[in-house]
Structures are given as C-alpha cells and as structure tokens.
Amino acid sequence: MRTRVRRDAESPTAVDGTAHRYENRLLLILFLAFGFVFFDRQALPFLAPFISKEIHLSNTELGTLSGVLALTWALSGLVAGRLSDRLGRRKPILIAAVVLFSCFSAAGGLMTGFLGLLVARALMGVAEGAVLPLAQSMMVEASRESRRGLNMGLLQGSSAGLMGGILAPLAVVWLAELHGWRTALLVTIIPGLLIAAWIAKSVREVPPGGRAQVVAAEAVSETPVAPKPTVREVLGHRNIVLCMAVGCCYLTWFIVIVTFTPTYLLNVKGFSPSTMSGVMTCLGVGWVLWGFLTPAVSDRIGRKPTMIAFSVTAALCPLAIVYVSDPVALGLVIVLTYTGLGCFTLFMATIPAETVPRGALATALGLVMGVGELAGGFLAPVIAGRASDVWGLQTAMFISTGGAVAVVLLSLGLRETAPRVLRRRAERAAAAVGPGAVVAGAAE
C-alpha cells in the first residue's frame, strides 16, 4: 500500500531546501531569457555599419529603428504587467513572449529595406516588452529577502550586460564579417527557442511554499483579502512616480549610448571594426560588473544613496567616449564609469517591488518600464539621431550625459525601501528613545 505524503506535511527544512534550489534554478533560467532579450535588442546597433553598406541608414533612421522597438516594448510592458496581475498567470505569457521575440529578431535578417527593418523591430519590441515585468515578479516571489537585491540585479543587470554587452558585439560582428549581417540576425532564433522549452519544463507559476504561505497568512487574518490596487492607487506612491521619471532619463542615457557609440567609434574616431567591437565589449564588462555589485551595495547602504552615487559616475561615461582617444584607456574608463545599468534594477524592479503590495507588483513594474521606454527609449534616440545629423554625433553623447544628471536630481526625492536599512533605522530610533519609553508606550 502506497502512502501519499501531503505537501503541507513536509518538514520546514525540506521545503526550505526545495525553495532554495528552485530559487537558484529560476534565476539561471530567467538570467538567460532576459539576457537573450538584450542580445537580440543590441544586435542591430552593432550591425548598423554593415547594414548601411547595403541599406543606407542615416543617424535619424538608426535612431528610429532603436526608438520604435522601445515604443512597442513600452506599450507591451504596460499591458503585459496589468494582464498578468489580473489573470494570475505569468508562465504562458512568458513562454509566448520568448518564442515570438526570437522569431521577429531573426525576421530582421530577411528584410530588404528600412521599412521592413522597422516593422520587424516593432514586432520584436511587442514580444520583448512582456519579459522583464513577468520575470522580475516571478523572481521576487522566489527570492529570500537577503538575496532579493542581488537576484534582481543578476537577472536584469548582469544578464543583459553579459549577453547584450559582451557576447553580442563579439558574436554578431564576427558573424557579420564572416557570413554577412543577415546570417548574424537569422541565427538569433536558436537560443530563444531553447530557453522557451526550458521555461515550459522547469518554471512553476508559484514557487515552492509560496502559495501555501500566502493562503496561511490570509487564513490567520479575520479581514477579507483586499482587492488588487488600481493603476491610480499605484501611482499614488511617490516612489513609483519618481521611478517612472528616472526611467525616462536613464533610458535616455542608456539607449543613446548603445545606439550611437558603434557608429561614433567607426566614423568619428576612425576605429577598425575589431577595435570598435573590443571597446563595446568593455561596455558589457562594466554592465555585468555593476549589474550585480550595485544592487548588492544597495542592500547594505540603501537604495537612495546608491542611486545618487552611481548615477553621478554614470554621467561621465558618454563624456569619456567623446574625449578619450586611446582605445585601451577608453575601454578602462568605460568599465569604471558604466555604472548606470546596475541602477536599472533598483528603479525598474527593486524599489517598486518594495513599495507596492504584491497584487500590484507586475503592474508597477510594467508602468515604470513602459513609461521609461516610451520617453527615454523611443523619443530620445530619435531626437538624438536628428540632432546628430545636424550638429554631429558627439551631440548624442552630450544628450546621454544630461539624462544621467537628471537622474541624480530625481533620486534625491526617493524614499528608502531597503529592508536592512529600514531595520537599522528602527533599531537606532528604539535605542534613542530608551527602554523606559518603550515600556511606557506598551502600558498605554
């Protein structure tokens, strides 16, 4: 006779072990999924010099190709986040998004003109925009509090840096030189389909013990479960509004750098394609390095001071691209100053996740990402491209620096959300009040 062991009868140690293993596995899967989102997104700017030999692209058109992806990415992020909160289902949407963005990325290799590339990039943005709010909301639920900032930093910052910043310039430039830019785009479909299959097999809608803990908490409470917050209520949080504004400015900093730097290094500085690829790889190294260090630092010193300090440093990166001539020195300076991508995890995921209720999490993440992509991702590269056609490509770098400076000013208004920092503040406040006051307060 078989004895069926009930899930709620498992020991806490067994549940914790299963949850920790699942946390690590989910981090790896989502790391690769979002990493290849940025691999596909970054492929076109690196291939722009090769594409222009066959399809002439002005700076304005190059900016438009980058901007239209950001526009549809923004709209998709807004819709997907809200939809997943309403349905309570994220896994099917995530699988569909990964499959579709891989197909549309490869479709770019079949296009023969600017309009075809524009349509392919727009459709790719629709699919890619759903990935981040879904992945981050799943990662939040599976993460221990002590690893929340680190996990979200690895998922969003380091994955995009490794795949989009290091692997993409090396791989796509190498493929383009050997087999042409079309082949470089066509092969991007392969890793996405493999990752989608892994998600279908290994990712759970709810992490081990997650739903049981929520049900238990609700069962203890005598009050009915509160309805999910509306968009208006989410926007009532100051941190959310500030993070949306920060997103607009930081996306300006980031998208303008990655869109125009390859062309700037080749056409203005006169670097060879291999030297350009090496310098762009340094962007990826900085992206990976600061992608996990910045959130980890914020766990200790707080989200707000981290945002301010690392954004000041990030403002120096585009200026270095303009004023540092030696490629080796430029690569070193870029690694040290490309700190902004670590802040992306904070304002796009960690701070919103620590500000709003769980039921509004994907909505908040979608709002921050969507509005940021709409302004900083869509409008900024189009404006920077037009300004570069009129005043030169260095203008784009000055616009990028301005975005980072604006982030510093906006970050001054953030409210601290890091759990460890808030506990330290509460302990210091309790110690300052004294034990006598605590007893008196308790007696009241």
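Residues numbered from 1 in each chain as written. Predicted model: local features only at pLDDT ≥ 70, side-chain atom pairs only at ≥ 80, totals over all residues. Heavy atoms only, no water.

A. Just the overall build of the protein, in detail. Summing up its helical and strand segments, the protein has 20 helices and zero strands in all. Burial analysis of the protein (444 residues in total) assigns 55% to the buried set. Taken as a whole, the protein presents about 18500 Å² of accessible surface, with 67% of it coming from carbon and sulfur. (Helix = DSSP H or I, 4+ residues; strand = E, 2+ residues; numbered from the N terminus. Buried < 20%, exposed > 50% of the residue type's maximum accessible area, 1.4 Å probe, protein only. Areas by Shrake-Rupley, 256 points an atom, 1.4 Å probe, with all protein chains shown as cover.)

B. Inspection of the packing of helix α11 (residues 238–267) against helix α18 (residues 394–411) at higher detail. Relative orientation of the contacting elements α11 and α18 amounts to 160°, with a least axis distance of 8 Å. Put simply, α11 runs roughly antiparallel to α18. Crossing handedness for the pair α11 and α18: left-handed. Contact residues: α11 offers L242, A245, V246, C249, Y250, T252, W253, V256, I257, F260, T261 and Y264, while α18 offers Q394, A396, M397, I399, S400, G403, A404, A406, V407, L410 and S411. Split into classes, the residues belonging to the contact of α11 with α18 amount to 17 nonpolar, six polar and no charged. (Axes fitted to C-alpha atoms, helices over the stretch in contact; angles between N-to-C directions. Parallel < 35°, antiparallel > 145°, perpendicular 65-115°, else oblique. Left-handed = near helix turned anticlockwise from the far one by under 90°. Contact = heavy atoms within 4.5 Å. Nonpolar A, V, L, I, M, F, W, Y, C, P; charged D, E, K, R; others polar.)

C. Geometry of the environment of G291. Mapped onto the secondary structure, G291 falls in helix α12 (residues 273–301). For the pair G291 and M152, spaced 139 residues apart in sequence, the C-alpha separation works out to 9.3 Å.

D. Region of interest: a nonpolar patch on the surface. Residues V79, L83 and L87 make up a contiguous nonpolar surface patch of roughly 280 Å² in combined accessible area. Mapping L83 onto the fold places it in helix α2 (residues 59–87). For L83, a relative accessible area of 38% gives the class partly exposed. (Patch = residues over 30% accessible without salt bridge, like charges linked within 9 Å, V, L, I, M, F, W, Y side chains within 5 Å. Salt bridge = Lys/Arg side-chain N within 4 Å of Asp/Glu carboxyl O.)

E. Representation of a positive patch on the surface in the model. On the surface, R300, R420, R424, R425 and R428 cluster together into a positively charged patch. Sorting elements by how many residues they give to the positive patch places helix α19 (residues 419–433) first, with four residues. Mapped onto the fold, R420 is located in helix α19. (Lys, Arg positive; Asp, Glu negative; His and termini not counted. Charge placed at Lys NZ, Arg CZ, Asp CG, Glu CD.)

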